[in-house]
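Given next are the chains, with one letter for each unit.
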Amino acid sequence: GNSVTQMEGPVTLSEEAFLTINCTYTATGYPSLFWYVQYPGEGLQLLLKATKADDKGSNKGFEATYRKETTSFHLEKGSVQVSDSAVYFCASGNKLTFGGGTRVLVKP
Amino acid sequence: SQTIHQWPATLVQPVGSPLSLECTVEGTSNPNLYWYRQAAGRGLQLLFYSVGIGQISSEVPQNLSASRPQDRQFILSSKKLLLSDSGFYLCAWSAAVLNTEAFFGQGTRLTVV
């Protein structure tokens, strides 16, 4: 079956620091890959997606590249802000299998 | 545009009481519908998904059930709540195609006391 593994948090950063959240997947075939963000007390919002190998999804300064050879979809942002504090979820394919989520806390 | 409504936002229920959470989608037809649970500090667990009226697939054995009486309505129920049913419940929809993103409601915080 499908599975998604992402790094455990919490990740604590200072403002303007570089953020990386690792995500790897196992799946049959080539699923689409997604990053979702969850702000406190809210549902999940789609942050970005990639539908095939070597695609790069980007939004709000975040980027992730679909790497078939390493089965990875790591999330990156070059300069985080306090408002980026949230829980980030990696997800794959059909029926959306989610990773465990990574809490990110950005301090001023 | 499509919207998804989920209610109530918060709910406190005693052990052994029934549960009914409702989710409706507007602006689309024949969506795939999902119920997820997020336990405190943990990831999302897919509970049920539905590809059409009356078609429900259960992903994990549990104390809960789901129904889809109308195309854009998805209901999560329990006859008798357990303490372990506490959590954050999220409804989501996606287009009826493979490998596409889902869109989430705002969630229901359920506390069983």
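For the structure, see preceding data.
Residues numbered from 1 in each chain as written. Chains lettered and ligands numbered in written order. Predicted model: local features only at pLDDT ≥ 70, side-chain atom pairs only at ≥ 80, totals over all residues. Heavy atoms only, no water.

A look at the overall build of chain A
A count of helical and extended segments in chain A gives zero helices and 12 strands. Listing every helix and strand of chain A by position from the N terminus yields β-β-β-β-β-β-β-β-β-β-β-β. A globule of 108 residues ought to have a C-alpha radius of gyration of about 13 Å, and chain A, at 13 Å, matches this closely. Residues counted as buried form 46% of the 108 residues belonging to chain A. In chain A, the proportion of contacts linking residues at least 24 apart, taken out of those at least 6 apart, comes to 54%. (Helix = DSSP H or I, 4+ residues; strand = E, 2+ residues; numbered from the N terminus. Rg over C-alpha atoms; globule rule 2.2 N^0.38 Å. Buried < 20%, exposed > 50% of the residue type's maximum accessible area, 1.4 Å probe, protein only. Contact = heavy atoms within 4.5 Å.)

Observations concerning the interface of chain B and chain A
Facing 19 residues of chain B, the contacting portion of chain A comprises 20 residues. Counting each side, the surface lost to burial between chain B and chain A is near 1,500 Å², with a carbon and sulfur contribution of 52%. Looking at the side of chain B facing chain A, the largest losses of area belong to Leu44, Asn99 and Glu101 of chain B, adding up to 36% of the total buried there. Lys49 of chain A is the partner of Glu101 of chain B in a salt bridge, and the nearest nitrogen-oxygen pair spans 2.9 Å. Seen at the junction of chain B and chain A, the total is five residue pairs in polar contact (both at pLDDT 80 or more). Breaking the side of chain B that touches chain A down by element, the ones donating at least two residues are strand 4 (32-38), strand 5 (44-52), strand 9 (87-94) and strand 10 (102-104) of chain B. Considered class by class, the residues forming the side of chain B that touches chain A number 10 nonpolar, six polar and three charged. (Buried area = accessible area lost by both parts, 1.4 Å probe. Salt bridge = Lys/Arg side-chain N within 4 Å of Asp/Glu carboxyl O. Polar contact = N/O pair within 3.5 Å; in protein donor to acceptor, adjacent residues only side chain to side chain. Nonpolar A, V, L, I, M, F, W, Y, C, P; charged D, E, K, R; others polar.)

A word on the sheet that holds strand 7 (residues 65-70) of chain B
In a beta sheet, neighbouring strands are held together by backbone hydrogen bonds and run either parallel or antiparallel to one another. Residue and element names in this part refer to chain B. With respect to topology, four strands assemble into an open sheet ordered 1-3-8-7, the strand pairing being antiparallel. Either end of the sheet is taken by a strand with one partner, and the two such strands are strand 1 (3-7) and strand 7. Ignoring strand direction, the axes of neighbouring strands in this sheet form an average angle of 20°. Bridge analysis of strand 3 (residues 19-26) against strand 8 (residues 73-78) gives six bridges, and the strand direction is antiparallel. Paired with Leu21 across the two strands is Leu76, which belongs to strand 8. (Pairing = 2+ DSSP bridges. Axes fitted to C-alpha atoms, helices over the stretch in contact; angles between N-to-C directions.)

Overview of the state of the cysteines
A covalent bond between the sulfur atoms of two cysteines is what we call a disulfide. Residues and elements named next belong to chain A. Taken as a whole, this structure holds two disulfides over all chains when the rule is applied. Cys23 shares a disulfide with Cys90; S-S distance 1.9 Å. Disulfide Cys23-Cys90: the torsion about the S-S bond is -70°, which places it as left-handed. Of the two residues, Cys23 sits in strand 4 (residues 23-26) while Cys90 sits in strand 10 (residues 86-92), which places them 67 residues apart along the sequence. (Disulfide = S-S within 2.5 Å.)

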